[in-house]
Every structure is written in C-alpha cells, then in structure tokens.
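# Structural overview
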Amino acid sequence: WPTSPDDFDKLLETKVFTNGSDRDAVKALYRRMSQQQLGSVKLLDFDGMVPPNLADAQRLGRCLQLCSNLESLWLNRLELRGDTFRAMVAELDAHSLPKLKTLVLKENSIGNEGVRALVRLSLDSVTRLSLVSNSIDDVGMQSLAAAIAAGKLPAVTAVGLEGLSLGDNPGDRA
C-alpha cells in the first residue's frame, strides 16, 4: 500500500544512515516526488489488491490527501470493512479530492459504518458512486439519502446499489 511522505519520514527515523544528514535529503526527495506524482494522478485503481489493514487504510488516506487532480478512484474487491474504510476517510479533510468524479467501492463490506463515514466527506464533484455488493442495508441507505437531501453529493447522477440488502425483512421470506 502507498506510503505518504509523513509516514516515510517516520519510517526513515528507524533506519541507520552512514551520514546522518542524508536522512533529511532522502525525506525531502521522497516528499517532493510524492507531491508531484500524486498531485498529478487522475486515476487510481486498487482493484483486487491485498486487503488493507487499519494502518494501510490510514496511509492510503494520507496519500489521497495529495491527490488534488484525482478524478477516478477504484477501491473495489479490497475486502474493505467499515472500520478500515472509516480509518481511510478519517485521514481526509474538507479539501481532499476536489476533482473526484467517480468513486467505486464495489464488492467490499463497508456496511452502514462505511456509508456514515462516506457522507461526512465533501464530495461535491462526484457524479458516479458505486456501492454495489457491499453489506449495506436500509439504515445505511437512510444515511445516504439524508446526506443527499442535505446537499451532499450535489453532482451525483448515478449511484450503483445492486447486490445490497435493501428492503429485506426476514419475516417476509418463505
């Protein structure tokens, strides 16, 4: 999983350099490279990667902070749970992902907890949101609907909801 410049700085503090002054030069080079590369990326697709643990999700969130031109983020089939998704989202601030148009979270398990975390973000430019095949039920959809009614996701034109347990009442099943 990606490592943000701040996380890289912490990692380098655990390493031994022949010349201690090299540490700061390596940190500066990594920070500059990360800001340039992540700041210019338009598409990130993590489809099917090894599932992130909480620390991985937090590092990813810190990297996403640098993605000021990101238009499309694919986080499908990562086995994301509500807690890992929430950990990632918690690292983002109000100015994160200002150009994001497509957010795909297909085939995860973010659940209602993940939906609550998602709707706290400022996703004003998102037009397409996919929550397909997540463990989200009516409670999560109520959170999403309330957020949309309150003016969150103002540009959204398509929301993928296939494979969710919406309107299920176990007592109605034969």
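The paragraphs below set out a description of the structure included in this document. (Residues numbered from 1 in each chain as written. Predicted model: local features only at pLDDT ≥ 70, side-chain atom pairs only at ≥ 80, totals over all residues. Heavy atoms only, no water.)

One open sheet accounts for five strands, arranged β1-β2-β3-β4-β5; its pairing is parallel. Strands at the two margins of the open sheet, each flanked by one partner only, are β1 (43–45) and β5 (158–160). Ignoring strand direction, the axes of neighbouring strands in this sheet form an average angle of 5°. In the sheet, strand β2 (residues 72–74) pairs with strand β3 (residues 102–104) via three bridges, with the strands oriented parallel. Paired with Ser-72 across the bridge in β3 is Thr-102. (Pairing = 2+ DSSP bridges. Helix = DSSP H or I, 4+ residues; strand = E, 2+ residues; numbered from the N terminus. Axes fitted to C-alpha atoms, helices over the stretch in contact; angles between N-to-C directions.)

The next point concerns the pattern of salt bridges. Counted under the stated rule, the structure contains 10 salt bridges. Note that Arg-62 is salt-bridged to Asp-7, the shortest N-O span being 2.9 Å. Of this pair, Arg-62 sits in helix α3 (residues 54–64) while Asp-7 sits in helix α1 (residues 5–12), and the two are 55 residues apart along the sequence. One network of salt bridges, in which partners are shared, links Asp-6, Asp-9 and Arg-31. (Salt bridge = Lys/Arg side-chain N within 4 Å of Asp/Glu carboxyl O.)

Now for empty space enclosed by the protein. Over the atoms rolls a probe the size of a water molecule, and its path tells where empty space is left. Taken as a whole, this structure holds one cavity of 30 Å³ or more when the rule is applied. Roughly 50 Å³ of volume is contained in the largest cavity. Lining the largest cavity, in full, are Leu-73, Leu-75, Phe-85, Met-88, Leu-97, Leu-100, Leu-103, Leu-118, Leu-121 and Leu-123. (1 Å grid on protein atoms, 1.4 Å probe; cavity = no way out; pocket = protein on both sides within 12 Å on 5 of 7 lines; lining within 4 Å. Points joined across faces, edges and corners; volume = space filled by probe spheres on them.)

Our focus in this paragraph is α3. Considered for burial, the residues of α3 that qualify are Asp-56, Ala-57, Leu-60, Gly-61, Cys-63 and Leu-64. Seen along its axis, α3 keeps its buried residues to an arc of 160°; they face one direction. (Buried < 20%, exposed > 50% of the residue type's maximum accessible area, 1.4 Å probe, protein only. Arc of directions from axis to C-beta.)

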